[in-house]
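# Report on the structure
Residues per chain, in single letters:
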Amino acid sequence: MLQSLGWAGYFVLRTLSGIANSMGWSFVLHTALLTATGYSITLLMGAIYRRLIRIRPVLTWLLSVLLVILAAAAFSAIETWSWATFLSPGSHPQGVQFFGSIVLTFSLLVAWSALYYSINYYLLLEEQSDRLLRLESQASHAQLAMLRYQLNPHFLFNTLNSISTLVLLKQTDQANAMLSRLSSFLRYTLVNEPTAQVTLAQEVETLKLYLEIEKMRFEDRLRPKFYIEAAAAGARLPSLLLQPLVENAIKYAVTPQEEGADIKVVARRVADRVIIEVDDTGPGSEDVWVKAQQSTGVGLANIRDRLSQAYGADHRFETESNKQGGFSVTIEIPYQSEPAEEPK
């Protein structure tokens, strides 16, 4: 398309110039022949350039210059023949006249070549940039999937261990009930893509399903509470993002205390941000939590990595031991109500 537009413009401008200088209609025929010649030569040059552009730059430029010289000589030979045939019969341009024709034609083809390489290098750069973005996106999705897959075996091991304990204690009804709830929870986690995002409301429902399993073990010692603002319920976040926080709260707040502990999940929307807090009333030792996540590879470290993969620097993740006892985790993420677009 650019070739056709460019040479059509060449034909129109040279024709108007010839008519304005009273060159006659024979000049139109001469210009038409030059236009067809230039169009054909540059089509051939373009086909060769498509191969040259992908080899070593030094060879690309050397071969391109050589090709332009040869093309300019051929173009000029046809131009001088056409001039002698249609515009000045019997004349034989040579010497300075022929050299001047080559210089003008060479300048035209150099400009055309520069434009060709500029456009195609830009297109190659865009292609490489798109490929890099796709690779980065695929790597990010693979990392998110890996981090999500860390959670399932970890959680499954703990739950099966609890079921085994119930069986050993011959508490078969409780063991059966826990197996049933575990089946429902695993069905949910397997249906969802590991890199999928869910609404906060769905995440809370999953947490409640998980807590039903844990309530079989801890009964009244485990006291979960949820305070989810309606404005924040539709916010999207990576699935099973909060479950490790609640699991850690159970392990380090409920388990070591005879009276158990409260676990509170609070979510609110502030402008275009969503703030989620998970608090417990346990001993509140941050060292215990940090050692735990370092030893298992999940928990706090997993959540930090998943947040970084999903939001880059556009998030906040803070932990704090409360003075009055207990441990708090705060997550702040951008409010998104629509699923993130997948790379094509």
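Structure first, text after, so check above.
Residues numbered from 1 in each chain as written. Predicted model: local features only at pLDDT ≥ 70, side-chain atom pairs only at ≥ 80, totals over all residues. Heavy atoms only, no water.

A word on the overall build of the protein chain. For the protein chain, the helix and strand inventory stands at 10 helices and seven strands. In the protein chain, 73% of the contacts between residues at least 6 apart in sequence involve partners at least 24 apart. Counting every atom, the protein chain has about 19000 Å² of accessible surface; 61% of that belongs to carbon and sulfur. (Helix = DSSP H or I, 4+ residues; strand = E, 2+ residues; numbered from the N terminus. Contact = heavy atoms within 4.5 Å. Areas by Shrake-Rupley, 256 points an atom, 1.4 Å probe, with all protein chains shown as cover.)

Another point: the pattern of salt bridges. One pass over the full model with this rule turns up 10 salt bridges. Here lysine 225 and aspartate 262 are joined by a salt bridge, their closest N and O atoms 3.8 Å apart. Residue lysine 225 is found in strand E2 (residues 222-228), and its partner aspartate 262 is found in strand E4 (residues 261-270); the two are separated by 37 residues along the sequence. Between aspartate 314 and arginine 273 there is a salt bridge; the shortest N-O distance is 2.7 Å. Linking aspartate 314 in the loop between helix H10 (300-311) and strand E6 (316-321) with arginine 273 in strand E5 (residues 273-280), this pair joins segments that are 41 residues apart in sequence. For aspartate 314, a relative accessible area of 37% corresponds to the partly exposed category. Salt bridges here are not isolated pairs; linked through shared partners, they connect Arg273, Asp314, Arg316, Glu318 and Glu332. (Salt bridge = Lys/Arg side-chain N within 4 Å of Asp/Glu carboxyl O. Buried < 20%, exposed > 50% of the residue type's maximum accessible area, 1.4 Å probe, protein only.)

Another aspect to go through is helix H1 (residues 2-20). For H1, with 19 residues, the first-to-last C-alpha span of 27 Å sits near the 27 Å given by 1.5 Å per residue. Listed as buried for H1 are Gln3, Trp7, Tyr10, Thr15 and Gly18. The arc enclosing the buried residues of H1, seen along the axis, measures out at 120 degrees, which places them on a common side. Every exposed residue of H1 that faces more than 90 degrees away from the buried side is listed here: Leu2, Leu5, Leu13, Leu16 and Ala20. Just past H1, the residue serine 22 takes up positive phi, approximately 55 degrees. (Expected span 1.5 Å × (residues − 1). Arc of directions from axis to C-beta.)

Our focus in this paragraph is the sheet that holds E4. Pairing between the strands of a sheet comes from backbone hydrogen bonds, and it takes one of two forms, parallel or antiparallel. Taken in spatial order, the five strands make up an open sheet running E2-E4-E5-E7-E6, and their pairing is mixed. Only two strands of the sheet have a single neighbouring strand rather than two, namely E2 and E6. Across the sheet, the mean angle separating the axes of adjacent strands is 10 degrees when strand polarity is ignored. In this structure, E5 lies alongside strand E7 (residues 327-334), joined through seven bridges in antiparallel fashion. From the neighbouring strand, valine 274 faces E7, where its bridge partner is isoleucine 333. Where helix H8 (residues 243-254) meets the sheet, it contacts E2, E4, E5 and E7, and its direction lies at approximately 150 degrees from that of E4. (Pairing = 2+ DSSP bridges. Axes fitted to C-alpha atoms, helices over the stretch in contact; angles between N-to-C directions.)

This paragraph deals with the packing of aromatic side chains. Aromatic ring pairs are defined here through the distance separating the ring centres and the angle between the ring planes. Tallied over the entire structure, the rule returns nine aromatic pairs. In textbook terms, an aromatic cluster arises when at least three aromatic residues are bridged by ring pairs, as seen for Tyr49, Trp61, Trp112, Tyr116, Tyr117 and Tyr121. (Phe/Tyr/Trp six-rings, centres within 6.5 Å; stacked < 30°, edge-to-face > 60°.)

Another aspect to go through is the environment of aspartate 220. By the element assignment, aspartate 220 lies in the loop between helix H6 (200-218) and E2. Distance from aspartate 220 to alanine 261, taken between C-alpha atoms, is 9.2 Å for residues 41 residues apart in sequence.

Counting residues in hydrophobic clusters, the biggest one holds 43 residues, and the most contacted among them are Leu200, Leu245, Ile250, Ile276, Leu307 and Ile331. Counting only elements with at least two residues in this core, the list comes to helix H4 (96-168), helix H5 (172-191), H6, H8, E4, E5, H10 and E7. Tallying contributions element by element places H6 first for this core, with eight residues. In terms of nonpolar packing, the next biggest core, distinct from the first, is built from 18 residues, Ile41, Tyr49, Leu67 and Leu124 among them. (Core = buried A, V, L, I, M, F, W, Y, C linked by side-chain atoms within 4.5 Å.)

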